Amino acid sequence: MGEVELSCLAYVKMYLHACLFPRCSVNGLLLSSSPAGGAVCVTDCVPLLHTHLPLAPITQLALTQVDVWCAQTQQRIVGYYQANACVSDSSPTPCALKIADKIAEQCNNAVLLMIDGGKMSPDYRVPPIVMYERKDTRWTLKDKHTIMLRQWEETRDIASQLLDSGDHSLLVDFDSHLDDITRDWTNQKLNAKIAELASPANGNV
C-alpha cells in the first residue's frame with residue numbers, strides 16, 4: 001500500500017466525534033468516492049458508536065445501512081477508525097481488528113486508523129493519527145509519513161473553529177441515530193458547515 005490521503009471532511013468529523021465523547025471510545029467507517037485501485041483517498045467518514053463498541057449486532061446493522069447508502073451515493077467503505085477512551089492508548093483493540101478484518105474482506109487496500117488522544121491539542125503540528133495496514137492476516141503499523149492530509153493547518157483550524165463555536169454538537173453518530181431516528185447519521189448539516197468553512201471565500205482550500 002502506498003500513501004493514504006485523508007480529506008478535510010473526513011478528518012474533521014473523526015476529530016469532532018472523539019471530542020464530542022471525550023470519556024468514551026468512539027469508532028466509525030472511512031469512505032471513498034474514488035474508484036478501487038491505486039492510492040486510497042478517504043473522502044468522508046461515518047461516525048458509528050460511542051457506547052458498547054464490541055456489540056456485534058449494532059455494528060452489523062450499521063455496516064449494512066452504510067453499505068446501502070454508499071451504493072446509492074457512489075461511495076465505498078475503505079477503512080475503519082477508532083479512538084480509545086484511554087487517551088494514552090492508541091493501539092487497536094480486538095473489536096477494532098475484527099471490524100477492520102471484515103472491511104478488508106471487501107476492500108484490498110483497507111486502512112485502520114487509530115486516533116492518538118494524547119496528541120489532539122489544537123496546535124499539534126501533524127495529524128494525531130496512527131495508521132495500520134493489513135499484511136497477510138495481520139495489521140501492522142505504517143510509517144507516519146504515509147498518511148497525507150493536504151492543507152493540514154487549515155483543516156486543523158476548521159476543526160478548532162467548530163469546537164469553539166459548539167457546532168461539533170451537530171455531529172450525529174449511529175448510536176445517537178438509534179436513540180432518535182429523526183437524527184441524520186449521514187451528517188449533511190455538519191458536512192455543509194465544514195464545506196462552508198473550507199471554501200476559498202473563507203481563505204481556506
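Residues numbered from 1 in each chain as written. Predicted model: local features only at pLDDT ≥ 70, side-chain atom pairs only at ≥ 80, totals over all residues. Heavy atoms only, no water.

## Some thoughts on the sheet that holds strand E8 (residues 138-141)
Rule in force here: Strand pairing requires that DSSP identify at least two bridges connecting the strands. Put simply, DSSP H or I for four residues or longer makes a helix, DSSP E for two residues or longer makes a strand, and each gets a number counted from the N terminus. Inter-axis angles, ranging from 0 to 180 degrees, are taken between N-to-C directions of lines fitted to C-alpha atoms, where helices are fitted over the stretch in contact. Any two residues whose heavy atoms approach within 4.5 Å are treated as being in contact.
If you trace the six strands from one edge of the open sheet to the other, you get E4-E2-E5-E6-E7-E8, paired in mixed fashion. Either end of the sheet is taken by a strand with one partner, and the two such strands are strand E4 (44-49) and E8. Across the sheet, the mean angle separating the axes of adjacent strands is 30° when strand polarity is ignored. As paired elements, strand E6 (residues 111-115) and strand E7 (residues 129-135) share five bridges and run antiparallel to each other. Along E7, the bridge assignment pairs Ile115 with Ile129. Helix-sheet contacts for helix H1 (residues 8-20) involve strand E2 (26-32), E4, strand E5 (76-83), E6 and E7, and the interaxial angle to E4 is about 20°.

## Brief notes about the nonpolar core
This is how it is decided: We define the nonpolar core as a collection of buried residues of types Ala, Val, Leu, Ile, Met, Phe, Trp, Tyr and Cys that are connected through side-chain atoms lying within 4.5 Å of one another. In this scheme, a residue with accessible area under 20% of its type's maximum is buried, one over 50% is exposed, and one in between is partly exposed, where area comes from a 1.4 Å probe on protein chains only.
Judged by nonpolar contacts, the single largest core of 64 residues is most densely connected at Leu6, Val12, Met14, Leu30, Val66 and Leu113. The dominant element in this core, judged by the number of residues it contributes, is H1, at eight residues. Excluding residues within four positions of it along the chain, Leu113 makes contact with Leu6, Met14, Leu30, Tyr80, Tyr81, Gln82, Ile129, Val130, Met131 and Ile147.

## Quick look at the sheet that holds strand E9 (residues 147-148)
Two pairing modes exist for strands in a sheet, parallel and antiparallel, and in both the strands are linked by backbone hydrogen bonds. Here we have three strands laid out as an open sheet, ordered E3-E1-E9, and parallel in their pairing. Each end of this open sheet is capped by a strand with a single partner; those strands are strand E3 (40-42) and E9. Bridging between strand E1 (residues 4-6) and E3 involves three bridges; their strand directions are parallel. The residue bridging Val4 from the neighbouring strand is Val40, located in E3.

## Some words on the pairing of E4
With six of six residues buried, E4 is to be regarded as a mostly interior element. In terms of strand pairing, E2 meets E4 through five bridges, oriented antiparallel. Among the inter-strand pairings, Leu29 is bridged to a residue of E4, identified as Val46.

## Re the UniProt feature "domain: MPN" (unreviewed entry) in the protein chain
Under the convention used in this document: UniProt positions are given in the numbering used here, feature names are shortened, and annotations may be inferred rather than shown by experiment.
Here the UniProt feature "domain: MPN" (unreviewed entry) sits at residues 4-138. Here residues 4-138 is 30% helix and 30% strand, with 18 Å between the C-alpha atoms at its ends.

## Quick word on the side chain of Ser176
Here Ser176 lies in helix H5 (residues 174-179). With near-sequence residues (within four places) excluded, Ser176 lies in contact with Phe21, His50 and Arg183.

## Considering the pairing of E5
Let me state the cut-off plainly: Look down the strands so they point away from you; if going from the first strand over the helix to the second traces a clockwise path, that crossover is right-handed.
Burial within E5 is extensive, with seven of its eight residues counted as buried. Pairing of E5 with E6, which is carried by five bridges, proceeds in the parallel orientation. In the strand pairing of E6, Tyr80 is matched with Leu112. A crossover links E5 with its parallel partner E6, the connecting element being helix H3 (residues 94-104), and its sense is right-handed.

## Thoughts on the packing of aromatic side chains
In plain terms, the rule: Aromatic rings from Phe, Tyr and Trp, with only the six-membered ring used for Trp, were paired whenever their centres fell within 6.5 Å, and each pair was classed as stacked if the ring planes differed by under 30 degrees, edge-to-face if by over 60, and tilted otherwise.
For the structure on display, the rule yields four aromatic pairs. Between Trp69 and Trp185, the ring centres sit 5.5 Å apart and the planes meet at 75°, which makes this aromatic pair edge-to-face. With a gap of 116 residues between them, Trp69 in helix H2 (residues 56-72) and Trp185 in the loop between H5 and helix H6 (188-198) connect regions that are remote in the sequence. Of the two residues, Trp69 and Trp185, neither departs from the other in class, the shared state being buried. Through pairs of rings, three or more aromatic residues link up here, namely Tyr11, Tyr15 and Trp152.

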